Amino acid sequence: MAGVKMAVEAVEVAPAVEEDAHNAKLPDWKRRCISTYAECKDDDWTGSCYACFRYCEGQQEWPLNKCRPRKSTR
């Protein structure tokens, strides 16, 4: 779980990069929601990425208890 927290914190402090330039005028919390939603979809996280995105829009934080990376199978 600490790895997830670190990943989310890294997104929080990351400056706008070229691929996110079209979102530069959005508030930081909204950009974090969008970025985390993309990670959720791309990496096939547990939970409903869309429902978690909607939650993030309302609460301005990603619900890690509902949507998070899947545990690696080693």
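Quantities reported herein were computed from a predicted structural model and do not represent experimental measurements. (Residues numbered from 1 in each chain as written. Predicted model: local features only at pLDDT ≥ 70, side-chain atom pairs only at ≥ 80, totals over all residues. Heavy atoms only, no water.)

Caption draft 1: Main features of the overall build of the protein chain. Each helix and strand counted, the protein chain has three helices and zero strands in total. Element order for the protein chain, N to C, with α for helix and β for strand: α-α-α. For the protein chain, buried positions account for 26% of its 74 residues. Taken as a whole, the protein chain presents about 5500 Å² of accessible surface, with 51% of it coming from carbon and sulfur. (Helix = DSSP H or I, 4+ residues; strand = E, 2+ residues; numbered from the N terminus. Buried < 20%, exposed > 50% of the residue type's maximum accessible area, 1.4 Å probe, protein only. Areas by Shrake-Rupley, 256 points an atom, 1.4 Å probe, with all protein chains shown as cover.)

Caption draft 2: Representation of the packing of helix H2 (residues 28–42) against helix H3 (residues 49–59) in the model. Where H2 contacts H3, the two axes come as close as 10 Å, and the packing angle between them is 170°. Taken together, the axes of H2 and H3 are roughly antiparallel relative to one another. Side by side, H2 and H3 meet where Trp-29, Lys-30, Cys-33, Ile-34, Tyr-37, Cys-40 and Lys-41 of the first sit next to Cys-49, Tyr-50, Phe-53, Cys-56 and Glu-57 of the second. Looking at the contact of H2 with H3, its residues break down into nine nonpolar, no polar and three charged. (Axes fitted to C-alpha atoms, helices over the stretch in contact; angles between N-to-C directions. Parallel < 35°, antiparallel > 145°, perpendicular 65-115°, else oblique. Contact = heavy atoms within 4.5 Å. Nonpolar A, V, L, I, M, F, W, Y, C, P; charged D, E, K, R; others polar.)

Caption draft 3: How the structure looks around the nonpolar core. Ranked by size, the top nonpolar core spans 10 residues in total: Cys-33, Cys-40, Trp-45, Cys-49, Cys-52, Phe-53, Cys-56, Trp-62, Leu-64 and Cys-67. Within the residue set of this core, elements represented by two or more residues are H2 and H3. Examining the composition of this core, we find that four residues originate from one element, H3, more than from any other. With residues up to four places along the chain from it excluded, the contact list for Cys-33 reads Phe-53, Cys-56, Glu-57 and Trp-62. (Core = buried A, V, L, I, M, F, W, Y, C linked by side-chain atoms within 4.5 Å.)

Caption draft 4: Here's a closer look at the packing of aromatic side chains. A full pass over the atoms with the stated rule returns two aromatic pairs. Ring geometry for Tyr-37 and Phe-53: centres 5.3 Å apart, planes at 50°, overall tilted. Taken together, the residues span a long stretch of sequence, with Tyr-37 in helix H2 and Phe-53 in helix H3 at a distance of 16 residues. Residues Trp-45 and Trp-62 carry aromatic rings whose centres are separated by 6.3 Å and whose planes lie at 85° to one another, so their mutual orientation is edge-to-face. (Phe/Tyr/Trp six-rings, centres within 6.5 Å; stacked < 30°, edge-to-face > 60°.)

Caption draft 5: Examining the pattern of salt bridges more closely. This structure, assessed with the given rule, holds four salt bridges. With its nearest N and O atoms 2.5 Å apart, the salt bridge here joins Glu-57 to Lys-30. Within this pair, whereas Glu-57 is found in helix H3, its partner Lys-30 is found in helix H2, the two being separated by 27 residues in sequence. Residues Glu-57 and Arg-54 are paired through a salt bridge, measuring 3.0 Å at the closest nitrogen-oxygen approach. Here the residue Glu-57 and the residue Arg-54 both occupy positions in helix H3, the gap between them amounting to three residues, near one helical turn. Through salt bridges that share partners, Lys-30, Arg-54 and Glu-57 make up one connected network. (Salt bridge = Lys/Arg side-chain N within 4 Å of Asp/Glu carboxyl O.)

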